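As a plain string of letters, each chain reads:
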Protein chains: 2
Amino acid sequence: MSIVTNKQKIHELLTRGVDEVIDCEHLKKQLESGKKLRVKLGIDPTSPHLHLGRSVPLLKLRDFQELGHKVVFIVGDFTGVIGDTSDKESERPMLAAKVVKENLKTYIQQVGKIIDVKKAEIHYNSTWLGKLKYTDIAEQANMFSLAEFIARDNIRNRLSAGTRVSLREILYPLMQGYDSVATAADVEVGGTDQRFNLLAGRSLQPHFGGAAQDIIMNPLVEGTDGRKMSSSWGNTINFTDEPQDMFGKVMSIADDLIVKYFEYFTRIPMADVRGIAKRLSSGGNPRDEKMKLAHEIVCMYHSKKDADRAQEHFISVFSKKEKPDDMPSVKAVGKSIVDVLVAAKIASSKSDARRLIEQGGVQIDDVVVKDAETPVKRGSVIQKGKRFFMKVA
Amino acid sequence: MSIVTNKQKIHELLTRGVDEVIDCEHLKKQLESGKKLRVKLGIDPTSPHLHLGRSVPLLKLRDFQELGHKVVFIVGDFTGVIGDTSDKESERPMLAAKVVKENLKTYIQQVGKIIDVKKAEIHYNSTWLGKLKYTDIAEQANMFSLAEFIARDNIRNRLSAGTRVSLREILYPLMQGYDSVATAADVEVGGTDQRFNLLAGRSLQPHFGGAAQDIIMNPLVEGTDGRKMSSSWGNTINFTDEPQDMFGKVMSIADDLIVKYFEYFTRIPMADVRGIAKRLSSGGNPRDEKMKLAHEIVCMYHSKKDADRAQEHFISVFSKKEKPDDMPSVKAVGKSIVDVLVAAKIASSKSDARRLIEQGGVQIDDVVVKDAETPVKRGSVIQKGKRFFMKVA
């Protein structure tokens, strides 16, 4: 496949979902030269699920792939054990190798929802990092100064707050940098929180006789609760979420995230995204745009059919306030609601069930339950929160 | 050999040439228990010569050895390459492995001037450090905080002065600490500048299932120019210095170092050392005491015979202002003094020779030379500085 050097496409590659490019002029020239570039992204399997935050650099890889470049995807099976704290307010524990191994079982399959895995190079960084000796590591460490490390915002903040920073954390950037050496990356893609780690590659490559990679940094996007989307905070929308759940989660985001989600998480043409932004700023109904967004995202990770059904479900339950057709049932005639909630595993314990009821989160046949001992009747519909329904059989 | 538990000897072991002991109470109990302790000292072969500064911990090892304990001497062939900067105002370069290998050729022989090498364990730390993998190193790094590292005086000073501290330097204490793990040290001996490195062993050993070592720290002693004795500054008295040179160097130290040198660099009984201190403070002639000191030190590294001859030489040259009998000769009749200095390799170049002359450092037959072109005559004695003499043949 020949390399696409269309200026408009290169412009979008360098701007859509991009916060900063180093060195932008150099990378632009490289892209226009028609040379086939090696474009690297590494992800540590610190959780079994990839979330939409990860899709931003992955979609960028796909953009490169569509222009004919070589995608180099690195599974951080080694770095995952060590643990990166670039985006953290505190240390993260070292993971057991077997947890990482378990987590990465379906990683390639998940990544394959965005990039063409067959055309990409897939590497596990234990391949080379596992072979390095103490002297190699010291030689690499020699090229970085302590001052640059402690000048990083998150490290400086933690040091001045008296929060522990372990010496282990210092080794992480060296590892990520060495990944770029080992794979001869021309470009690395990563989040703005990875700035130091990404620059490490630029420092190390020339020492090993290679050219310094260019860097494309993507912004970090907010999750369903408005904080940065992160597995640590349970506010993620995951590649593996079921269609209905994924649709519902997208519908729950704040209205001011709609345009951002369209730009970063989808490849709806930017002209259309700008149209959506315009409609919203001139009084358009955010719910309609959000519905399009949710439909598009479910399409990307499942199918159009799944997206259609999830949308119908959402409309029937939330928009029309109807209950879904296919709710699960529970055999619980005559039992008290508190026992039913526990038996059906809706609550984890009796006290959890009581708390749900006290907070007004449980309804029987559209009436909020106030007494935890209320008995349930055959045919009643128990509702928890906005979206969970169960029939008493 | 059974263990000596004499209280007076234990007291001297814990106090003579000692600045701090951690944990003193624990170590005292260990020594009194009659248990055979493993006492570790590591020295990096960053220079081919050991100097008297190194003799302070080595004499401490000998004290332990005389009480029946096991000396564990570590040749830092691995750590020497990485380089410790605990006592430095700046980074030190990584050494080539072959330089370290060359330096350590006569190390054991030199160490053998103080300790009984046949009764000691000798280890090269490349044996274990060379086998560690990245994950081992990260696991160990995890046990140290960045805050403790940058709180060290020399690191804090360098950081605030904007002097580069490399990440490599952070790895050094881990290595020294792991040496204690690998050798199951009960006690480690080292300079006060090594505090952080010595404590690293205490942190790491329990993690690997061992007991935390006790630590004996010796003070750093000034060299011939009054600054801390260090190979980097050329102010050392080396184990391998020739008797006359060694004697002369000791005679050149400041008077207020005499008692310190007796306490730290010799094993003249402390009662005698206190007597010397008393004589000096009540108007005794420092030259006489210094002569005893120089004689004792030459005895330790050479022989009584060598010490006697060096003393005679010193007295004849400096005290009685006589010239030595066995001076070298140079064939240079009729040449100018500047050319003779270069030909006899006393000066490295003509300009070096001119500078020596300008500074008044050259005499012919006891007259300071002022004119570089002064011709020399047969039978004249050329003198450079205080101690170098040469006859014109």
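Residues numbered from 1 in each chain as written. Chains lettered and ligands numbered in written order. Predicted model: local features only at pLDDT ≥ 70, side-chain atom pairs only at ≥ 80, totals over all residues. Heavy atoms only, no water.

Visitor: I'm lost on the relation of the copies chain B and chain A in this one. Help?
Guide: Two copies of one chain are present, and they are related through a rotation about an axis combined with an axial shift. When chain B is fitted to chain A, the residual RMSD is 0.1 Å, and the transformation amounts to a turn of 180 degrees plus an axial shift of 0.0 Å. The operation mapping one copy onto its partner corresponds to a two-fold rotation axis. Every residue of chain B has its C-alpha some distance from the rotation axis, and the shortest such distance is that of Lys-133 of chain B, at 2.9 Å. Mapped onto chain A, 100% of the interface residues of chain B again fall at the interface, so both copies present the same surface. (Least-squares fit on C-alpha atoms with pLDDT ≥ 70 in both. Contact = heavy atoms within 4.5 Å.)

Visitor: Please explain the sheet that holds strand β1 (residues 20-22) of chain A as it appears in this structure.
Guide: Hydrogen bonds along the backbone pair up the strands of a sheet, which may run parallel or antiparallel. Residue and element names in this part refer to chain A. Read across the sheet, six strands follow the order β1-β6-β5-β2-β3-β4 without closing on themselves; strand pairing throughout is mixed. Since the sheet does not close on itself, it has two edges, and those belong to β1 and β4 (121-124), each with one partner. Along the sheet, successive strands turn relative to each other by an average axial angle of 20 degrees, direction set aside. Strand direction decides the pairing type here: strand β2 (residues 38-43) and strand β3 (residues 70-75), joined by six bridges, are parallel. The residue of β3 that forms the bridge with Val-39 is Val-71. Running over the sheet, helix α2 (residues 24-33) touches β1, β5 (187-191) and β6 (214-218) and is turned about 105 degrees from β6. Relative to β2, helix α3 (residues 52-66) is tilted by about 160 degrees, and along the sheet it contacts β2, β3, β5 and β6. (Pairing = 2+ DSSP bridges. Helix = DSSP H or I, 4+ residues; strand = E, 2+ residues; numbered from the N terminus. Axes fitted to C-alpha atoms, helices over the stretch in contact; angles between N-to-C directions.)

Visitor: Could you clarify how one ought to interpret the pattern of salt bridges in this entry?
Guide: Side chains that differ in charge, positive against negative, can pair when their charged atoms come close. By the definition in use, this model includes 44 salt bridges over all chains. For Glu-289 of chain A, the salt bridge goes to Arg-279 of chain A, with nearest N and O atoms at 2.9 Å. Here Glu-289 of chain A, found in helix α16 (residues 286-301), pairs with Arg-279 of chain A, found in helix α15 (residues 270-281); they are ten residues apart in sequence, far enough to count as distant. For Glu-289 of chain A, a relative accessible area of 5% gives the class buried. The residue Arg-158 of chain B makes a salt bridge to Glu-169 of chain B at a minimum N-O spacing of 2.9 Å. Separated by eleven residues along the polypeptide, Arg-158 of chain B in helix α10 (residues 153-160) and Glu-169 of chain B in helix α11 (residues 168-183) bring together distant segments of the chain. Both residues of the pair, Arg-158 of chain B and Glu-169 of chain B, belong to the buried class. One network of salt bridges, with partners in common, ties together Lys-60, Asp-63 and Arg-267 of chain A. (Salt bridge = Lys/Arg side-chain N within 4 Å of Asp/Glu carboxyl O. Buried < 20%, exposed > 50% of the residue type's maximum accessible area, 1.4 Å probe, protein only.)

Visitor: I tried to follow the interface of chain B and chain A on my own but got confused; where do I start?
Guide: The interface is formed by 33 residues belonging to chain B together with 33 residues belonging to chain A. Roughly 3,000 Å² of surface becomes buried between chain B and chain A when both sides are summed, with 74% attributable to carbon and sulfur atoms. Joining chain B to chain A, the criterion identifies zero salt bridges. Inspection of the chain B/chain A interface yields 15 residue pairs in polar contact (both at pLDDT 80 or more). When contributions to the side of chain B that touches chain A are tallied by element, the ones reaching two or more residues are α8 (134-141), α9 (146-150), α10 and α11 of chain B. (Buried area = accessible area lost by both parts, 1.4 Å probe. Polar contact = N/O pair within 3.5 Å; in protein donor to acceptor, adjacent residues only side chain to side chain.)

Visitor: When you look at the nonpolar core in this model, what are you seeing that I'm missing?
Guide: Among the nonpolar cores identified, the biggest contains 68 residues, and Leu-58, Leu-61, Ile-216, Tyr-261, Phe-265 and Ile-297 of chain B are the most heavily contacted of them. Broken down by element, the residue count for this core peaks at seven residues, all from helix α16 (residues 286-301) of chain B. Excluding residues within four positions of it along the chain, Tyr-261 of chain B makes contact with Val-221, Glu-222, Gly-223, Thr-224, Met-229, Ile-237, Ile-253, Thr-266, Leu-293 and Ile-297 of chain B. With 67 residues, the next largest nonpolar core counts Ile-115, Val-187, Phe-262 and Ala-307 of chain A among its residues. (Core = buried A, V, L, I, M, F, W, Y, C linked by side-chain atoms within 4.5 Å.)

Visitor: Looking at this structure, I do not really get the environment of Ile-108 of chain B. What am I missing?
Guide: All names here are of chain B. Checked against the element boundaries, Ile-108 lands in helix α6 (residues 107-111). Taking the C-alpha atoms as reference points, Ile-108 and Asp-352, 244 residues apart in sequence, are found 38 Å from one another. With residues up to four places along the chain from it excluded, the contact list for Ile-108 reads Phe-73, Val-75, Val-117, Ile-122 and Tyr-124.

Visitor: Honestly, the pairing of β6 of chain A in this entry has me stumped. Any pointers?
Guide: Two faces belong to every sheet, and in a regular strand the side chains alternate between them. Residues and elements named next belong to chain A. Among the five residues that make up β6, five are buried, leaving the element largely enclosed by the rest of the structure. Where burial is concerned, the two faces of β6 agree: the one with Asp-214, Ile-216 and Asn-218 and the one with Ile-215 and Met-217 are both buried. Where β1 and β6 come together, three bridges link them in antiparallel fashion. Note on β6: the bridge partner recorded for Ile-22 is Ile-215.

Visitor: Is there a simple way to explain unusual backbone geometry in this structure?
Guide: With the exception of glycine, most residues fall at negative phi, and the peptide bonds are largely trans. Omega for the peptide link from Ile-22 of chain A to Asp-23 of chain A comes to -10 degrees, which places this bond in the cis form. On the secondary structure map, Asp-23 of chain A appears in the loop between β1 and α2. Unlike most non-glycine residues, Ala-184 of chain B shows phi in positive territory, near 50 degrees. Mapped onto the elements, Ala-184 of chain B comes out in the loop between α11 and β5 (187-191).

Visitor: Just to check I follow, could you spell out the packing of α8 of chain B against α11 of chain B for this structure?
Guide: For any two helices packed against each other, one specifies the inter-axial angle together with the distance between the axes. Residues and elements named next belong to chain B. Direction vectors running N to C along α8 and α11 enclose 95 degrees, while the axes themselves pass 10 Å from each other. The angle between α8 and α11 falls in the class roughly perpendicular. Of the residues in α11, those in contact with Ile-137, Gln-140 and Ala-141 of α8 are Leu-171, Leu-174 and Tyr-178. Split into classes, the residues belonging to the contact of α8 with α11 amount to five nonpolar, one polar and no charged. (Parallel < 35°, antiparallel > 145°, perpendicular 65-115°, else oblique. Nonpolar A, V, L, I, M, F, W, Y, C, P; charged D, E, K, R; others polar.)

Visitor: Just checking my understanding: could you explain the sheet that holds strand β3 (residues 70-75) of chain B for this structure?
Guide: Residues and elements named next belong to chain B. Ordered in space as β1-β6-β5-β2-β3-β4, the six strands form an open sheet in which the pairing is mixed. Each end of this open sheet is capped by a strand with a single partner; those strands are β1 (20-22) and β4 (121-124). Averaged over all neighbouring strand pairs, the angle between strand axes comes to 20 degrees, with direction disregarded. The strands touched by helix α2 (residues 24-33) within the sheet are β1, β5 and β6 (214-218), with β6 carrying the most contacts at an inclination of about 105 degrees. Relative to the sheet, helix α12 (residues 195-207) contacts β1, β5 and β6, its axis offset from that of β6 by approximately 170 degrees.

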